[in-house]
Number of protein chains: 4
Amino acid sequence: MPLAPLQKAVDDWISVNGGYWDEMSMLARLVEEVGELSREYNHQFGQKKKKSSEAESSIEDELGDLLFILICMANKQGIDLDEALGGVLKKYRIRDSTRWA
Amino acid sequence: MPLAPLQKAVDDWISVNGGYWDEMSMLARLVEEVGELSREYNHQFGQKKKKSSEAESSIEDELGDLLFILICMANKQGIDLDEALGGVLKKYRIRDSTRWA
Amino acid sequence: MPLAPLQKAVDDWISVNGGYWDEMSMLARLVEEVGELSREYNHQFGQKKKKSSEAESSIEDELGDLLFILICMANKQGIDLDEALGGVLKKYRIRDSTRWA
Amino acid sequence: MPLAPLQKAVDDWISVNGGYWDEMSMLARLVEEVGELSREYNHQFGQKKKKSSEAESSIEDELGDLLFILICMANKQGIDLDEALGGVLKKYRIRDSTRWA
């Protein structure tokens, strides 16, 4: 269960920092973080030039922010991310075997 | 054709400002703008407090930015937004009549 | 005011179909539509292969859906999209003149 | 390093299934997944009614899909997600101490 301790660490942090937001607010925060990641990808792999006034950032930072809010959302719903990811990998293996086996 | 002159105005502006980006870069820009709109919604209707260091913005500005990139994406693909919107309204009317008629 | 009659048409349609959702629900719908548009872009301009089981769609349809919810969001806040877009174009012209003039 | 084995497992799976997509395609896939998660949140916590024709889904599945593509994006860039998340937690602690200490 590699993700369980991370979920616990985030939960501990949140519990002493005001608790989780409601679901729709967490979703909006997720979308905000995806927007920032998207800006970074566009700068590095797309055609958008960076303005000199734009804050420094990095894909590592943005992926970290995204993972943090994703863990918050899972925690709020009582979802075990190890199981969630396990389900995805299982789904892909099955889909895969149907396609090429 | 209420949107046609707007599409033309944006096209004129783009043509003297370097041309359209490739499709994936425009998509990434759209996502960035949705992220900024999402932040504003969370501030005004959700639970996210605004940091004093965050740039002033408004929902009107963010919706304008979003509409601008949406028009760029339509222009790049040669899509008539009046027809696109007409198709949506037609779809909703049909779905509606099926549901309640 | 090219967009005003469109905003009015959408408002008329919404008023006889249950009224506007709350802001966070409309935002979530916008994000859902952006996701569908993103899937189409990935199919046509990116590396994602379409599964045969996936619903037929088109960029025109997705841009229409996106424009519809964008108009709904503007209407709910009493925002005039002609002014919003005008503000964007003005901002770009000013930014532009600063950069190259 | 709780996430390292997960990143490795995903990398192994990808390496026998065609390799990673280019960055902009992965970003588009991330946005697609966020859209599906957003639809689920709107169904469960917002005002959108589920259509009977819509595919069954769950927040757990959607969070799993999102985590999977997030790991793919990190892997492609050679980013250690344990470090990325550690950086976020450190940033929040510092921001926190500035605010309330």
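Structure: above.
For the structure given in this document, a descriptive report is provided here. (Residues numbered from 1 in each chain as written. Chains lettered and ligands numbered in written order. Predicted model: local features only at pLDDT ≥ 70, side-chain atom pairs only at ≥ 80, totals over all residues.)

Of regular secondary structure, chain A possesses 4 helices and 0 strands. Ordered by position from N to C terminus, the α and β elements of chain A give α-α-α-α. With 101 residues in all, chain A has 40% of them scored as buried. Relative to all contacts within chain A whose residues are 6 or more apart in sequence, the contacts with residues 24 or more apart total 79%. (Helix = DSSP H or I, 4+ residues; strand = E, 2+ residues; numbered from the N terminus. Buried ≥ 20, exposed ≤ 12 C-beta atoms within 10 Å, placed from the backbone. Contact = placed C-beta atoms within 7 Å.)

Attention now moves to the interface of chain D and chain A. Counting residues at the interface gives 38 residues for chain D and 38 residues for chain A. Of all the elements in the fold, those that place two or more residues in the side of chain D that touches chain A are α1 (4–15), α2 (23–45), α3 (59–77) and α4 (81–100) of chain D. Looking at the side of chain D that touches chain A element by element, the count peaks at 13 residues for α3(D).

Let us now look at the interface of chain C and chain B. Counting residues at the interface gives 38 residues for chain C, matched by 38 residues for chain B. Of all elements in the fold, only α1 (4–15), α2 (23–45), α3 (59–77) and α4 (81–100) of chain C reach the threshold of two or more residues within the side of chain C that touches chain B. Among the elements that take part in the side of chain C that touches chain B, α3(C) stands out by supplying 13 residues, more than any other. Among the residues forming the side of chain C that touches chain B, the class breakdown is 27 nonpolar, 6 polar and 5 charged. (Nonpolar A, V, L, I, M, F, W, Y, C, P; charged D, E, K, R; others polar.)

Attention now moves to the relation of the copies chain D and chain A. Placing chain D over chain A gives an RMSD of 0.0 Å and needs a rotation angle of 180 degrees, together with 0.0 Å of translation along the axis. The superposition operator between the copies reduces to a two-fold rotation axis. Relative to the rotation axis, the C-alpha of D:P2 is the closest in chain D, positioned 2.4 Å from it. In this assembly, 100% of the residues forming the interface of chain D have copies in chain A that are likewise at the interface, indicating an isologous arrangement. (Least-squares fit on C-alpha atoms with pLDDT ≥ 70 in both.)

Let's shift gears to α2(C). Given a rise of 1.5 Å per residue, 23 residues ought to cover 33 Å, and the 32 Å separating the end C-alpha atoms of α2(C) matches this to within 8%. In terms of residue burial, α2(C) counts as a mostly covered element, since 18 of its 23 residues are buried. (Expected span 1.5 Å × (residues − 1).)

Of the transformation superimposing chain C on chain B, the axial component is 0.0 Å and the angular component is 180 degrees, with the fit at an RMSD of 0.0 Å. Taken together, the interface assignments show that 100% of the residues at the interface of chain C recur at the interface of chain B, consistent with an identical surface on both copies.

So yeah, pure geometry; function would need other evidence.
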